[in-house]
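Notes for the structure review
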Amino acid sequence: MTLRIALVGAGAMGTIMARDVYPALVEQVTVAAVVDRDRHRRAELADGLGARAYGSLAQALAAEHLDGVDVRLPHAAHADVAVEALDAGLHVLVEKPLALTAEDCRRAASAADRAGRVVAIAENYPHLRAVRAARAAIDDGAVGEVLALRSTRAYTLGDEWARPWRLGGEAASGLLWDQGTHHTSMLRVLGGEIVAVAAHRAGGAAGVETVTLDVRFASGLLGSSLYCWGTPARAVETEGLVLGTRAQLDIDVAYERPDGVARLVDGTGSRTICAAESYYDSHRWIVADWADAIATDRPPLVGLAAATADVRVVLAARESLARGGAEVPLGPPT
Ligand SMILES: NC(=O)c1ccc[n+]([C@@H]2O[C@H](COP(=O)([O-])OP(=O)(O)OC[C@H]3O[C@@H](n4cnc5c(N)ncnc54)[C@H](O)[C@@H]3O)[C@@H](O)[C@H]2O)c1
């Protein structure tokens, strides 16, 4: 049985889902409705998918028989639309970040409990083969004792990504909200829970911004993340680095071609430890994981608890920025 869903958000990300992802998953998912405020965008994607177009989720809910909702909206709308879908009894896949406040994370979790439906968050890095292989290499002892972690995400926003809501001026905009949960999710897969963060930021013109995070893990391990908007993107970038006593791990992420891998590097050389992939493959794997989690009644790879932990790190980083870079403890989850 295929899952009948509404794709909510027909912008840049919704277009990738409609054009590249859902056509490859027709055995598992049927997109019955496309929802967007923008009449032209929703009509174009709905036509391509053979779906019907609606101006709001409420209209789609009233007219269609749906099992789930895929939310690809600007950050500020995620929590409300996810809760609206859960309250209608539907499964939810929602873009990162899950929400912009701890209270909204809790609201989504309560709605999921009431509905008894599967909520997956479209957080790509835990799905990447390279990240999973790196975690397995750490577990196997190939790295020795892990001493430190580092991540780097540096690129320039292309035209369709440089929307006003993303660039700045709104509480939910900027580099930290846009990319912070992404690399936090990777660091948490590799290093475990993060218990404190200190953040710094430098910004120039719209879309030119640098943010650094120093993170402390529950294990005592230290890590750092460097985010930069405004520099040319590399076709393949070493976004993750694990430093261990026996070896190091490079996590190379590729956006143009399928040549992202994880490499184990020691005194004798470098060895690739996973099949090559493109970052864009992970959009498909996320939906396939969500659909399989629903079909087999198991948790998705990235669910509410993990996404809430990622949001809490970003919230603590924002507090650190407001406090001049002071280290901010996350405190126990509430
Ligand atoms: N995982 C990734 O790699 C990745 C990459 C890019 C974007 N994203 C995420 O995807 C989401 C969408 O980003 P985007 O770049 O597609 O944005 P976008 O601005 O291109 O598209 C958003 C769309 O939502 C519509 N919209 C806004 N509010 C609405 C509402 N309340 N009801 C109906 N329609 C509404 C807008 O008309 C627009 O078409 C964001 O959460 C972003 O972080 C994720």
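Look above for the structure.
These numbers come from a predicted model, not from an experiment.

**Details of the sheet that holds strand S1 (residues 3–8)**
Across the sheet, 6 strands lie side by side as S3-S2-S1-S4-S5-S6; this open sheet has parallel pairing. In this open sheet, the two edge strands, each paired with only one partner strand, are strand S3 (52–54) and strand S6 (119–122). Pairwise comparison of adjacent strand axes, ignoring direction, gives a mean angle of 25 degrees for this sheet. Both strand S2 (residues 29–35) and S3 contribute to a ladder of 3 bridges, which runs parallel. For Val34, the partnering residue across the bridge sits in S3 and is Ala53. Relative to strand S5 (residues 91–95), helix H4 (residues 78–87) is tilted by about 170 degrees, and along the sheet it contacts S1, strand S4 (68–71), S5 and S6.

**Some thoughts on the side chain of His127**
Among the secondary structure elements, His127 is positioned in the loop between S6 and helix H6 (129–140). Residue His127 is classed as buried on the basis of its relative accessible area, which comes to 6%.

**A short note on helix H2 (residues 39–49)**
All buried positions along H2 are accounted for by Arg42, Leu45 and Ala46. One side of H2 carries all its buried residues, which in axial view fall inside an arc of 100 degrees. Among the exposed residues of H2, those oriented more than 90 degrees off its buried face are His40, Glu44, Asp47 and Gly48. Looking at where H2 begins, the residue whose side-chain oxygen comes 3.0 Å from the main-chain nitrogen of His40 is Asp38.

**Side note on the nonpolar core**
Ranked by size, the top nonpolar core spans 79 residues in total, and within it Leu98 and Leu213 carry the most contacts. Looking at this core, you find at least three residues from each of domain 1 (3–123 + 283–302) and domain 2 (125–279 + 312–329). Residue contacts for Leu213: discarding those within four places in its chain leaves Leu176, Val197, Ala198, Ala199, Gly223, Ser224, Ser225, Tyr227 and Ala317. In this structure, Leu3, Leu7, Val29 and Val34 belong to the second largest nonpolar core, which totals 27 residues.

**Topic: unusual backbone geometry**
Of note, the bond from Lys96 into Pro97 is cis; its omega dihedral lies within 30 degrees of zero at -15 degrees. Inspection of the secondary structure puts Pro97 in the loop between S5 and helix H5 (102–115). In the Ramachandran plot, Asp297 falls in the positive-phi region, its phi being about 55 degrees despite a non-glycine side chain. Inspection of the secondary structure puts Asp297 in the loop between helix H9 (281–296) and helix H10 (304–322). Relative accessible area serves as the criterion here: at 71%, Asp297 is assigned to the exposed category.

The rules behind the values
- Residues numbered from 1 in each chain as written.
- Predicted model: local features only at pLDDT ≥ 70, side-chain atom pairs only at ≥ 80, totals over all residues.
- Heavy atoms only, no water.
- Pairing = 2+ DSSP bridges.
- Helix = DSSP H or I, 4+ residues; strand = E, 2+ residues; numbered from the N terminus.
- Axes fitted to C-alpha atoms, helices over the stretch in contact; angles between N-to-C directions.
- Contact = heavy atoms within 4.5 Å.
- Buried < 20%, exposed > 50% of the residue type's maximum accessible area, 1.4 Å probe, protein only.
- Arc of directions from axis to C-beta.
- Polar contact = N/O pair within 3.5 Å; in protein donor to acceptor, adjacent residues only side chain to side chain.
- Core = buried A, V, L, I, M, F, W, Y, C linked by side-chain atoms within 4.5 Å.
- Domains from an automatic or database assignment.

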